[in-house]
Amino acid sequence: MKKNTERTRRDFIKKVAGTTILTSAGLGMVSGKARFEELNYKPNSTVFGANDKINYAVIGMGIQGHSDHNAASQNSGVELKAVCDLYDGRLKKIKEDYGDAVKTTKNYKEILQDKSIDAVIIATTDHWHDHISIEAMKAGKAVYCEKPMVHKVEEGQAVIDAQKKTKAVFQVGSQRVSSVIYAKAKELYEQGAIGKLVMAETWYDRQSALGAWQYSIPRDASEKTVDWKAYLGDAPKMDFDAKRFFRWRNYQDYGTGVAGDLFVHLFSGLHLILSSNGPTRAFTTGGLRYWKDGRDVPDVMTGVYDYPETDKHPAFNLQMRVNFIDGSGGGSIIRLVGTEGEMVLGRNITVKKSKMSSAPGFGGWDSYGTFDKQTQKEFEEWYKKEYPQGTPSVIEPQEFEYRSPKGYNE
């Protein structure tokens, strides 16, 4: 490939992630004072030259590997060249879809040694993230690694050091930090849509076997079709277990459970909106309450977190929950409560503007009723003089809804 003096392929890799455009449409009336706005989303439509095209490979072609590939392939500037997976059936699937145009292998090192491949998507089990990321960066590849970056906290520094040394393009993927909904929520928050933040609550509930990681296990699963030895890597050695391969999120040896799979989304979405670096104090607890299927990670987890004051947000508290036994069918919400309203994020954004008077209470459920008549009279005269606007009340709320584009998938 000839080098382009204005834009090398490496420069192109750095720029390609910034091609999404988010704009706002006009506001329309829904009912009363409620208003909605549909966000406009324009994916990259640039036509790229042959020398600009990124050749990429996917390492780990399970559920998320397929999802990442499907998203990446919508960009005209990239082309899938190779896939690595440890199960024969997934490699056969690639051949069914692409024929010999895409190379398949069970050895990820073959992909890293291929000079024609510019970038890799790492969508393996968590316990392989650090090893493959470091090797890929040393091999000169740009890396998109699925969250979480590492399996254990102590593995993280080696990945950071490798990136600093190689200067490789390295991104840890988390859906919500690339979402037009969360980008809009960040804009609204910074504009003061809910005043000063007081507290946040968030949850991600699921009520389905698939939601609880009970993924399908193929009937031919065995050591003949799965490279079990390669899969284990630095995990404890044991005999082949199809559940541990195809339902790996249920086991601490290979995954990070609720925290690494779903808390990550809640934290990263919140931190994007607030430009936050995270809490300074945390308490999290959980347990196995329903899924007695051999898993060793909780199916219910709750946490409370203290956030410090920064130049982006005041000190506030967060409460968080993930529950695989929710009777309502589940769903995911981030709710921010401020001094002038609240913002709720699901698939769309709802902002309810409201502000309470600063005057202290008077009447109703109040100590005023416990005073003797003379004291009540004196207090009432003083109150009316001091607060001529009367008793505190919440200003009539206004509701705004910001809707995701039709057909949009974050």
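A few points on the structure. (Residues numbered from 1 in each chain as written. Predicted model: local features only at pLDDT ≥ 70, side-chain atom pairs only at ≥ 80, totals over all residues. Heavy atoms only, no water.)

**Focus on the environment of Thr339**
Point 1. Looking at the secondary structure, you find Thr339 in the loop between strand 14 (330-338) and strand 15 (341-345).
Point 2. Put simply, Thr339 and Lys353 are 14 residues apart on the chain and 9.5 Å apart in space, counted from C-alpha to C-alpha.
Point 3. Once residues within four sequence positions are removed from consideration, Thr339 is found in contact with Ile194, Gly195, Lys196, Val198, Ser354 and Lys355. (Helix = DSSP H or I, 4+ residues; strand = E, 2+ residues; numbered from the N terminus. Contact = heavy atoms within 4.5 Å.)

**Let's talk about the nonpolar core**
Point 1. Of all hydrophobic cores here, the largest spans 40 residues; its most connected members are Leu318, Leu336, Met343, Leu345, Ile349 and Val351.
Point 2. Of all the elements, helix 10 (residues 257-274) adds the most residues to this core, at eight residues.
Point 3. Not counting chain neighbours up to four residues away, the residues in contact with Leu336 comprise Ile194, Leu197, Met199, Ala200, Leu270, Ile273, Leu274, Gly341, Glu342 and Met343.
Point 4. By size, the runner-up hydrophobic cluster in this structure holds 21 residues, among which are Ala57, Tyr108, Ile117 and Ala162. (Core = buried A, V, L, I, M, F, W, Y, C linked by side-chain atoms within 4.5 Å. Buried < 20%, exposed > 50% of the residue type's maximum accessible area, 1.4 Å probe, protein only.)

**Brief notes about the packing of helix 5 (residues 129-138) against helix 6 (residues 156-166)**
Between two packed helices, both the angle of their axes relative to each other and the distance between the axes serve to describe the pair.
Point 1. With their axes 9 Å apart at the nearest point, helix 5 and helix 6 run at an angle of 10° to one another. As summarised for this structure, helix 5 and helix 6 are arranged roughly parallel, according to the angle between their axes. Of the residues in helix 6, those touching helix 5 at Asp130, Ile134, Met137 and Lys138 are Ala158, Val159, Ala162, Gln163 and Thr166.
Point 2. Considering only residue class, the contact of helix 5 with helix 6 consists of five nonpolar, two polar and two charged. (Axes fitted to C-alpha atoms, helices over the stretch in contact; angles between N-to-C directions. Parallel < 35°, antiparallel > 145°, perpendicular 65-115°, else oblique. Nonpolar A, V, L, I, M, F, W, Y, C, P; charged D, E, K, R; others polar.)

**Some words on the environment of Asn317**
Point 1. By the secondary structure assignment, Asn317 is in strand 13 (residues 316-323).
Point 2. On the basis of relative accessible area, Asn317 is assigned to the partly exposed category, the value being 44%.
Point 3. Each C-alpha atom of the pair Asn317 and Ala200 lies 6.3 Å from the other, and the pair is 117 residues apart in sequence.
Point 4. A polar side-chain atom of Asn317 sits 2.7 Å from a polar atom in the side chain of Asp306. (Polar contact = N/O pair within 3.5 Å; in protein donor to acceptor, adjacent residues only side chain to side chain.)

**As for unusual backbone geometry**
Point 1. In the segment running from Lys147 into Pro148, the intervening peptide bond is cis, with an omega of -10°.
Point 2. Mapped onto the secondary structure, Pro148 falls in the loop between strand 8 (142-146) and helix 6.

**What about the packing of aromatic side chains?**
Point 1. This structure, assessed with the given rule, holds 21 aromatic pairs.
Point 2. Seen in terms of ring centroids, Phe263 and Phe267 are 6.3 Å apart; in terms of plane orientation they differ by 75°. Their pairing is edge-to-face. Pair noted here: Phe263 and Phe267 are both in helix 10, with a separation of four residues, about one helical turn. For the pair shown, Phe263 and Phe267 are each scored as buried.
Point 3. Summarising the aromatic geometry, the rings of Phe379 and Trp382 are spaced 5.5 Å apart at their centres and angled 45° between planes, so their arrangement reads as tilted. In this pair, Phe379 and Trp382 are both assigned in helix 11 (residues 373-386), three residues apart and thus about one turn of the helix distant.
Point 4. Residue classification places Phe379 among the partly exposed residues on the basis of a relative accessible area of 22%.
Point 5. For the cation-ring pair, Arg403 lies above Phe36, with the distance from its terminal atom to the ring centre recorded as 4.3 Å. (Phe/Tyr/Trp six-rings, centres within 6.5 Å; stacked < 30°, edge-to-face > 60°. Lys NZ or Arg CZ within 6 Å of the ring centre and 35° of its normal.)

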